[in-house]
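Take a look at the letters that make up each chain.
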Amino acid sequence: MNIKHILIFSLIQFFIFPIMASTSVAGFYQVEGCGRQVYNFNNGWRFMRGDVTGAEKKDFDDAAWEVVATPHAVELMPAEASGCRNYQGIAWYRKRFIMPESAKGMNVLIHFEAIMGKQKVYLNGKLIKEHFGGYLPFTIDLTANGVNAGDSCLMAVMADNSNDKTYPPGKPQYTLDFAYHGGIYRDVWMICKNKISITDAIEANKVAGGGVFVHYNNISEKSAEVFIKTEIQNSTAKTKTVTLEAVITDPSGKIVQKLSSKLSLKAGTSQIAYQKTTMVNPKLWAPEHPSLYHLTLLVKDGKTTIDGGMLRLGIRQVEFRGKDGFYLNGKPYGQMIGANRHQDFAYVGNALPNGQQWRDVKRLRDAGCMIIRTAHYPQDPSFMDACDELGMFIIVATPGWQYWNKDPEFGERVYQNTRDMIRRDRNHTSVVLWEPILNETRFPEDFSLKSLQITKAEYPYPGRPGAVADLHSAGVAENYDVVYGWRTDEGKVKQCIFTREFGENVDDWYAHNNNNRASRSWGEKPMLVQALSLAESYDAMYHTTGQFIGGAQWHPFDHQRGYHPDPYWGGIFDAFRQPKYAYYMFRSQSNPVLKVPNVEAEPMVYVTNEITPFSDRDVVVFSNCDSVRLTPYEGKSWILPVVHAKGHMPNPPVIFKDIYDFWEMRDYTYTRKKPAMVSFMAEGIIDGKVVCNQKKMPSRRSTKIRLYLDDQGRSMVADGSDFMVVVAEITDDNGNVRGLAKDNIVFTVEGEGEIIGDQSIGANPRAVEWGSAPVLIRSTTKAGKIKVKAHVQFEGTQAPTAAEIEFESILADLPFNFIEQKQTKQSTVSTTEKSNKIQLTEEQKKKLLDEVEKQQSEFGEKKK
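Model, not experiment: these values are computed from the prediction.

## Some thoughts on the sheet that holds strand β32 (residues 619-623)
Thought 1: Spatially, 3 strands are ordered β31-β32-β35 in an open sheet, and the strand pairing comes out antiparallel. Every interior strand has two partners, whereas the edge strands, β31 (605-607) and β35 (654-656), have only one. Across the sheet, the mean angle from the axis of one strand to that of its neighbour is 25°, orientation sign disregarded.
Thought 2: Note: β31 against β32, 3 bridges, orientation antiparallel. Bridged to V607 within β32 is V621.

## A look at the sheet that holds strand β37 (residues 689-696)
Thought 1: With antiparallel pairing, 4 strands are arranged side by side in an open sheet as β34-β33-β36-β37. Two strands in the sheet have a free side with no partner beyond their single neighbour: β34 (638-641) and β37. The sheet shows a mean angle of 20° between the axes of neighbouring strands, taken without regard to direction.
Thought 2: Bridging between strand β33 (residues 627-632) and strand β36 (residues 680-686) involves 6 bridges; their strand directions are antiparallel. Within β36, the position partnered with L630 by the bridge is A682.

## A look at helix α3 (residues 354-366)
Thought 1: An ideal rise of 1.5 Å per residue puts 18 Å on 13 residues; α3 measures up with 18 Å between its terminal C-alpha atoms.
Thought 2: The buried count for α3 comes to 13 of 13 residues, which makes it a mostly enclosed element.

## Some thoughts on helix α10 (residues 662-671)
Thought 1: Its side-chain oxygen placed 3.0 Å from the backbone nitrogen of W663, D661 serves as the N-cap of α10.
Thought 2: Within two residues after α10, K673 carries a phi angle of roughly 60°, on the positive side.

## Thoughts on the pairing of strand β11 (residues 188-193)
Thought 1: Along β11, 6 of the 6 residues are buried, which leaves the element largely enclosed by surrounding structure.
Thought 2: Where strand β2 (residues 37-40) meets β11, 4 bridges bridge the pair, whose relative direction is antiparallel. Across the sheet, N40 pairs through a bridge with W189, a residue of β11.

## Focus: the packing of aromatic side chains
Thought 1: Tallying each qualifying case throughout the model produces 45 aromatic pairs.
Thought 2: Between W45 and Y93, the aromatic rings sit 6.4 Å apart at their centres with planes inclined by 90°, giving edge-to-face as the arrangement. Taken together, the residues span a long stretch of sequence, with W45 in strand β3 (residues 45-49) and Y93 in strand β5 (residues 90-98) at a distance of 48 residues. We note that W45, like Y93, is buried.
Thought 3: With a centroid separation of 5.5 Å and an interplanar angle of 25°, the aromatic rings of Y415 and F447 are classed as stacked. Note that Y415 is positioned in helix α5 (residues 408-425) and F447 in helix α6 (residues 445-458), a separation of 32 residues in sequence. Judged on exposure class, the residue Y415 and its partner F447 are both buried.

## Describing the nonpolar core
Thought 1: Counting residues in hydrophobic clusters, the biggest one holds 70 residues, and the most contacted among them are I394, Y538, I572, M585 and F586.
Thought 2: Here M585 is in contact with A531, L534, A535, Y538, F622 and M649, once residues within four sequence places are set aside.
Thought 3: Grouped together as the second largest cluster of nonpolar side chains are 31 residues, A91, V147, V157 and A159 included.

## So, the pattern of salt bridges
Thought 1: Within the structure shown, the criterion is met by 48 salt bridges.
Thought 2: Notably, a salt bridge pairs D420 with R423, separated by 3.8 Å at the nearest N-O pair. Residue D420 and its partner R423 are both found in helix α5; the two are separated by 3 residues, about one turn of the helix.
Thought 3: Looking at D420, the relative accessible area reads 11%, which means it is buried.
Thought 4: Through salt bridges that share partners, R373, E435, E440, D470, R500 and E501 make up one connected network.

## Points about unusual backbone geometry
Thought 1: Along the chain, T70 connects to P71 via a cis peptide bond; the corresponding omega equals 0°.
Thought 2: Among the secondary structure elements, P71 is positioned in the loop between β4 (66-68) and β5.
Thought 3: A cis geometry characterises the amide bond from W554 onward to H555, with omega recorded as 5°.
Thought 4: Mapped onto the fold, H555 is located in the loop between β30 (548-553) and α9 (581-587).
Thought 5: For N598, which is not a glycine, the phi torsion comes out positive at approximately 70°.
Thought 6: As for its placement among the helices and strands, N598 is situated in the loop between α9 and β31.
Thought 7: N598 gets classed as partly exposed once you look at its relative accessible area, which sits at 43%.
Thought 8: A positive phi angle, close to 55°, is found at Y633, a residue other than glycine.
Thought 9: With respect to the helices and strands, the residue Y633 is situated in the loop between β33 and β34.

## Some remarks on the confidence of the model for the protein
Atom-level detail of predicted coordinates should not be read off regions where pLDDT is low.
Thought 1: With 94% of its residues at a pLDDT of 70 or more, the protein has an overall mean of 93.
Thought 2: Scored below 50 in pLDDT, residues 1-19 shows 42 contacts in the model against residues more than four places distant or in partner chains.
Thought 3: Scored below 50 in pLDDT, residues 824-830 makes 15 contacts in the model with residues more than four places away or belonging to other chains.

Rules of the game
Residues numbered from 1 in each chain as written. Predicted model: local features only at pLDDT ≥ 70, side-chain atom pairs only at ≥ 80, totals over all residues. Heavy atoms only, no water. Pairing = 2+ DSSP bridges. Helix = DSSP H or I, 4+ residues; strand = E, 2+ residues; numbered from the N terminus. Axes fitted to C-alpha atoms, helices over the stretch in contact; angles between N-to-C directions. Expected span 1.5 Å × (residues − 1). Buried < 20%, exposed > 50% of the residue type's maximum accessible area, 1.4 Å probe, protein only. Polar contact = N/O pair within 3.5 Å; in protein donor to acceptor, adjacent residues only side chain to side chain. Phe/Tyr/Trp six-rings, centres within 6.5 Å; stacked < 30°, edge-to-face > 60°. Core = buried A, V, L, I, M, F, W, Y, C linked by side-chain atoms within 4.5 Å. Contact = heavy atoms within 4.5 Å. Salt bridge = Lys/Arg side-chain N within 4 Å of Asp/Glu carboxyl O. pLDDT = per-residue confidence, 0-100.

Right, here's the structure in full:
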C-alpha cells in the first residue's frame, strides 16, 4: 500500500501562513493565533455501498474500497432520476488518521455537519455514537474516548438512509416530494480545543445556552445595543482564571468596540460571560446593504490566547406588525418575494460543496429573491453564511413533510431537531422566522403549542425571529407570530400572512401536469409558457392591503423526487443551475439602481424569442427599465412601457404583438441574401436614456463548441471536494447558441481536476439539450491549472469544432488531516447491497398517492 503522510505539511501551513477561513466551522470562522486548531477532515475516506460484516473493526482490510472525499453521495445518479431510483440502504465509510502532535493536552473533536438517515460511529472498533436524523450536526469527542496526540486511529461510520418512521421526516421516500440522497453529504471537521474553551451550543444542550449567543435591542440608525453571551468550560482538574476578550470591527475593518471579562472557573465546570456594548451610528443590515460586523472572541490565560474564533454580526430589527405588514429597521419594507430551496444538484444529490452552496444563494439573489424558505429541513451552514453575506432573508424549517407518528419518541425527536436548528443558526442575521412544525402535516395541537414554546425558550430576547406555520394547522392561527396563507386570508387573522409555496398549477397531484413546469430541454415555447405562468403568480404576491407580506416560489431548482417518476421541472434553473426564461422574469423584478456586493442588479433587458422557424409571432421581453424599444431587422422600432402599477409586480413582461413572421425572416436570408440583418435589438430605457440592450439573432448552423465556466465570481478551492460546472454550447459562426442542435459532447480534463460521472449516468458523453451540455469538474487537493476540452462524440468534416477552457483552483484555507491512500486491488469484499427499492402493487401505489394528494390539497393555497 502506497501511503503518503501529509499531516506535517498541513501543520506547517497552519502555523506559517495567516489563516482567516472563508468557511465557518461549528459557528466560528478560524482566525490566526486564536489557540483553536481546525482541520479539513473531508479527504481520505474509504467507501463501500452495502452492508459489510466487520467493517467497524480497526484491522479490517478495506484496501479494495474506493477512496472518496466528503461531501459525498453514496452513488452518482443521472440528472433525471426521480421515482426512488436512488440507493437506499447501508453504506460504510472508514478513515485512518493520526492525531496531531500539536494537539497534545487538547480536546479533539470530529464535527459532522450532517449524514443522511441514521448513523453509527465507531472509533478503533468501538461503537461510540448512534445518531438519528440527516440534517443537523453532531460531534465525536476523540479525547474522551482515550485518543492521544500522535495516536494512529480508525474511524468507521455506518450510514443508513433507509425509510424509517421513528425519526423525522419519517415518511417513506416512495411517498416523498424529495429524496433521501444518502451518504456523508456535508463537511467533516477536526477541531482541537484547549481544555478551557468556548463550548458548542448543540453539544452543551442547554436552553438558550452553550456556545455564543449574540442578540440586540433598541436598534436605530443612531445606536444599537449588542449583547454577547459566551459559555466557557474548564475541563481541567484545577480552578482557572481566564479573560474573555471581544473585539468588534465594522464592515470596513475598523475596530469599533473592545470588551473584556474575567472569569474564575472551577474544575470541571462552565460559566457564562455576559458582555454588552452600545454601537453608535451602526451600519444596519438589510438585503439592499448587508453590512456585517466581525466579532472576534479570544479566551486568554494571562497573555496567552488559548481559544477563540470569529463570528459575523448583522445588526437589524425585524417586526411583523400584523395588518401593518413587515417592518425592517423601523421602516415598512414592502413585499418579501423569494423561493424555497432543496439542496439537490445534478448527479451528486445532496452532496454540494461549500462553493456551490454560496453560488446557489448568489443565483437566487441575482434572480431578485429577497427570502428563502428552507425546504423542508435546515440547510448547510455555508448556505446560511452566504445568506448573511449576500443579503437574503431566510426561514429555517425543522425536518418534516406530510407525516406524523403518534409514538412519543418521534415527537421528542422533532422537538430536539427544533432546539438544535435554533442553537446552530441563532446568530445568523438572515434568519427572520423559524418553522418548528412539520410541513403539510396534521398534528395535534399540543405539539404545535410546544413547538412554538421551544422557539421562544431558545431565543428569549427582544427581536427574536418569529415562529411561522400553516394557518390551517392546529393551534397556529390563535398563537403563532406569522401564518402561512394566501392574500385572501387578509382580515381573517391578526398576524402577517406569507405564502410558503406559490406558482403551482397542477391539474391534480397524481399526474402533475401544469404550465409552471418546463424542462429546459423542451425549449423555447414551454419555457416561455412557464415564465409567463410564474409571472402571473408573482404578480399576485403584490395584491395586498399590507397584511399579506409576500411568498416563496416552489421551487427555483429542478430536483429529484421520491413519489413521482418525473423530476420537479418547475425551477427557474435546471438541476445544473442553467437558467431558463423564468430566471430572467425573476431577474427583471430587481431594482435597476441597487448596488449590492457580489449581486447582479443593474438594468437589464432579455428577449425570449429565438427567431427559429417555430418561434411565436409575439416577442416577450423581460426588463426592469421604464420602457423597452424593440427594433426588428434593423428597421422600424416600437417602444412599450414597463408598467409600474401599484398593487402589482414591479416590472411585468412586455409583449410586442405580432412582430415575428418566419416568411419575413426567410425573405431577408433567402431572397435578399442579408442574414446579418435578421435580429431583434431590445433596448432598456430609464429617464429617456438607453441604459442596456440585448441583440438576439437566430442561430444559423452548428459550427463550433464554446465553453464557459459557471463560477459566479468565486474560484474553485483545491480541497478535493469543490466542483464547478463547465458548460459546452453549440454555436454558429457568430457565437449564437444553436438551441435546436442535437449532439453528444465528450469532455476530457487535464491538470488538477477530475470529471464527476461517466457514460453510465449520461454525464460523459453528455447530450446537448437546448444548445448546451454541462459537465461537473471536481478539484484535487493541489491548487493549479485545470484544462477542460470538449468535442462532439461523432466527429466529421462538417461537425462542430472542438473547444477548450483553462482555469485555476486556489489553495484551501484550512489544513488537511488524512492519510493519502491509493486503491491497490479489486474488491473481493462480500457486501449486502440491499437497497430498499420497494415494489408496490398498483393498488398500493394508488392508495399512497391518494393520501399525498389529500394532504397537498388540504394545505395548498389557491394559485391564482
